[in-house]
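Secondary and tertiary structure notes
If you want the building blocks of each chain, they are given just below.
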Amino acid sequence: MPKATLNQLATNPSCMDDYDPNAMSVQQARAFIQQFLTPVIETEALPIRESLGRMLAKDVVSPNNVPNYNNSAMDGFAFKHSDGIKMIKIIGTAFAGRPFDGEVKASECVKIMTGAVIPKGTDTIVMQEKAVNKGEYINILEVPAAGSNVRFAGEDLKSGDTVLSKGHQMQAADLGLLASLGVADVTVHRQLKVAFFSTGDELVSVGKPLEQGQIYDSNRYTIYGMLSQLNVSITDLGVVPDQPELLEAALLKAAGEHDVVLTSGGVSVGEADYMKSLLSKHGEVLFWKINMKPGRPLAYGKVGNAHYFGLPGNPVSTMVTFYQFVQQAVLALMGNTVKPIPVFKVECTASIKKAKGRTEFQRGILFEESGVWKVKPLANQGSGILSSMSLANCFIVLDEFVGHCEAGTTVNIQIFEGLI
Ligand code: AMP
Ligand code: MG
């Protein structure tokens, strides 16, 4: 797909095939967003523990061989294989961290512990269990192949090898891996700054009583929770009422000070939905609507240098659009190499009514029955039924070409574990 600026796309949609800002497919929308996701440029060197969750801005190259020296993989006896002798004399012991200093000659061996340096003059380890200890001597019952039970220097990693690549997200294993190389710091992209606010006259924050016609704002809590998993700096700008001046001020302030701005509500065509006109005034908008359920009204664009996502107000739609679009975009801006969300195929235990032409993300429960994993859609799939997200453990993804599904059909699922 050719690179284009948002402006070109918004004003000259013909530069993209099938561009319709009011009817984008999920795949198209993902691909369109991806074009504008350049990782934050600034980097910083961090002690490895503090780098957890961050994206590497440079490859990490091994300064050493791992392991650093030939060592024993077993507790046993080190001897020279070419001796071909079964009865040999024990002349000392090698411990991990306390090597045997002398040289081992023909018909001699050294008692050796796992991790100890292979003594000079030896090349093979016989396991303790395969030798009979007779005072100063051992009798090798079964002579192992030459080089057996030796971990060779550089067997895991060689000095100069790329251990972790630019764009990799630092995980627990990586901290240990880098520590095993003696690497104390890594260069990562700086933390991404993300701000969000809810829009709506009906919204009240928790801790205040509700009056007639008001509801508690839940989206700021789910958005906070979802962002917290991503190791970004989070600014909660509260609830902004449906008043154009207040929305304008909040949007401009958020965009001026952050890399990403998320709002919820106010992006459909209701009378109090002001975000659309505000964005035409201050930003560039790529699309407004996606052929999906839930989450049809979804805006993506830029306000100044900030990436803007206008999420739909319905609580389930907010979460679905976050996971399907925002999460990967945020990871890419953090410097991560973009990877598709893993999808698995399982049998669906109930029928699902669905029209072709849009992608649906139903909430389901993945369960095991006689060793086979199956999925059951939750009964209430309304976009305001937030309990469905708490009860479910996966999305059932029915793409735009799929129609009504009978019970027993194989469907695609995205597992929440790891995704959320
Ligand atoms: P909107 O997208 O603003 O038209 O809102 C769609 C629906 O979602 C309405 O029923 C709103 O009351 C509800 N809604 C919007 N924002 C929130 C929020 N922050 N928390 C809970 N519900 C919301
Ligand atoms: Mg609203």
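Before reading further, recall that the structure is shown in the block above.
We now turn to the structure provided with this report. Given the structure is predicted, the values throughout are model-derived calculations rather than measurements. (Residues numbered from 1 in each chain as written. Chains lettered and ligands numbered in written order. Predicted model: local features only at pLDDT ≥ 70, side-chain atom pairs only at ≥ 80, totals over all residues. Heavy atoms only, no water.)

A look at unusual backbone geometry
Note that the residue after Val66, namely Pro67, is joined by a cis bond; omega there is -10°. Residue placement: Pro67 occurs in the loop between strand 2 (60-61) and strand 3 (71-72). Residue Pro294 is reached from Lys293 by a cis peptide bond, and omega for that bond is -5°. Mapped onto the secondary structure, Pro294 falls in the loop between strand 19 (292-293) and strand 20 (297-303). Its identity is not glycine, yet Ser107 carries a phi of approximately 65°, on the positive side. Note that Ser107 resides in the loop between strand 5 (87-94) and strand 6 (108-112). Residue Ser107 is classed as partly exposed on the basis of its relative accessible area of 30%. A positive phi angle is found at Asn149, which is not glycine, with a value near 60°. (Helix = DSSP H or I, 4+ residues; strand = E, 2+ residues; numbered from the N terminus. Buried < 20%, exposed > 50% of the residue type's maximum accessible area, 1.4 Å probe, protein only.)

Observations regarding the side chain of Arg54
Among the structural elements, Arg54 can be located in the loop between strand 1 (43-47) and strand 2. Residue classification places Arg54 among the buried positions, given a relative accessible area of 9%. With sequence-adjacent residues up to four places away left out, Arg54 is seen in contact with Glu44, Leu46, His168, Gln169, Met170, Val188, His189, Arg190, Gln191 and Asn231. (Contact = heavy atoms within 4.5 Å.)

Observations concerning the packing of aromatic side chains
In total, this model carries five aromatic pairs according to the counting rule given. For the ring pair Tyr300 and Phe309, a centre distance of 5.0 Å and an interplane angle of 45° mean the geometry is tilted. With a centroid separation of 5.7 Å and an interplanar angle of 85°, the aromatic rings of Phe322 and Tyr323 are classed as edge-to-face. By the burial criterion, Phe322 is buried, and Tyr323 matches it. One aromatic cluster is present, formed by Phe287, Tyr300 and Phe309 through successive ring pairs. The side chain of Arg30 reaches across the aromatic face of Phe325, ending 5.8 Å from its centre. Positioned over the ring face of Phe95 is Arg98, at 4.4 Å from the centre of the ring. (Phe/Tyr/Trp six-rings, centres within 6.5 Å; stacked < 30°, edge-to-face > 60°. Lys NZ or Arg CZ within 6 Å of the ring centre and 35° of its normal.)

Considerations on the sheet that holds strand 8 (residues 131-134)
Spatially, 7-4-6-5-9-8 is the arrangement adopted by the six strands of the open sheet, whose pairing is mixed. In this open sheet, the two strands that pair with only one neighbour each are strand 7 (124-127) and strand 8. Taking the axes of each pair of neighbouring strands and ignoring which way they run, one obtains an average angle of 40° across the sheet. Here strand 8 runs beside strand 9 (residues 137-140); their pairing, made up of four bridges, is antiparallel. (Pairing = 2+ DSSP bridges. Axes fitted to C-alpha atoms, helices over the stretch in contact; angles between N-to-C directions.)

Here we look at the environment of Ile352
Along the chain, Ile352 turns up in the loop between strand 22 (344-348) and strand 23 (359-369). A relative accessible area of 3% means that Ile352 is categorised as buried. For the pair Ile352 and Glu406, spaced 54 residues apart in sequence, the C-alpha separation works out to 6.6 Å. Contact partners of Ile352, with chain neighbours within four places excluded, come to Gln362, Pro377, Ile396, Leu398, His404 and Cys405.

Here's the deal with the site of ligand 1
Residues in contact with ligand 1 amount to 15 residues; listed here are only the nearest, Glu202, Asp217, Ser218, Gly266 and Gly313. Between ligand 1 and Glu202, the relevant distance is 2.5 Å, taken from an oxygen atom to a side-chain nitrogen or oxygen of the residue. For the shell around ligand 1, the residue count by class is four nonpolar, nine polar and two charged. (Near = heavy atom within 4 Å. Polar contact = N/O pair within 3.5 Å; in protein donor to acceptor, adjacent residues only side chain to side chain. Nonpolar A, V, L, I, M, F, W, Y, C, P; charged D, E, K, R; others polar.)

As for a nonpolar patch on the surface
A grouping of Val206, Leu210, Tyr216 and Tyr221 is seen on the molecular surface, where their side chains present a nonpolar patch of about 370 Å² in accessible area. Residue placement: Val206 occurs in the loop between strand 14 (203-204) and strand 15 (215-216). (Patch = residues over 30% accessible without salt bridge, like charges linked within 9 Å, V, L, I, M, F, W, Y side chains within 5 Å. Areas by Shrake-Rupley, 256 points an atom, 1.4 Å probe, with all protein chains shown as cover. Salt bridge = Lys/Arg side-chain N within 4 Å of Asp/Glu carboxyl O.)

Considering the sheet that holds strand 13 (residues 193-199)
The strand order across the open sheet formed by six strands is 16-13-17-21-20-18, and the pairing between neighbours is mixed. The sheet terminates laterally at strand 16 (233-240) and strand 18 (283-289), the two strands that pair on one side only. Taken over all neighbouring pairs, the strand axes of this sheet differ in orientation by 15° on average, direction set aside. Two strands pair when backbone bridges link them, and strand 17 (residues 260-264) and strand 21 (residues 306-311) are joined in this way by five bridges, in the parallel orientation. Paired with Val261 across the strands is Tyr308, a residue of strand 21. Helix 2 (residues 26-34) rests against strand 18, strand 20 and strand 21 of the sheet, and its axis sits at about 165° to strand 18. Against the sheet, helix 7 (residues 315-333) touches strand 17, strand 20 and strand 21, its axis set at about 170° to strand 21.

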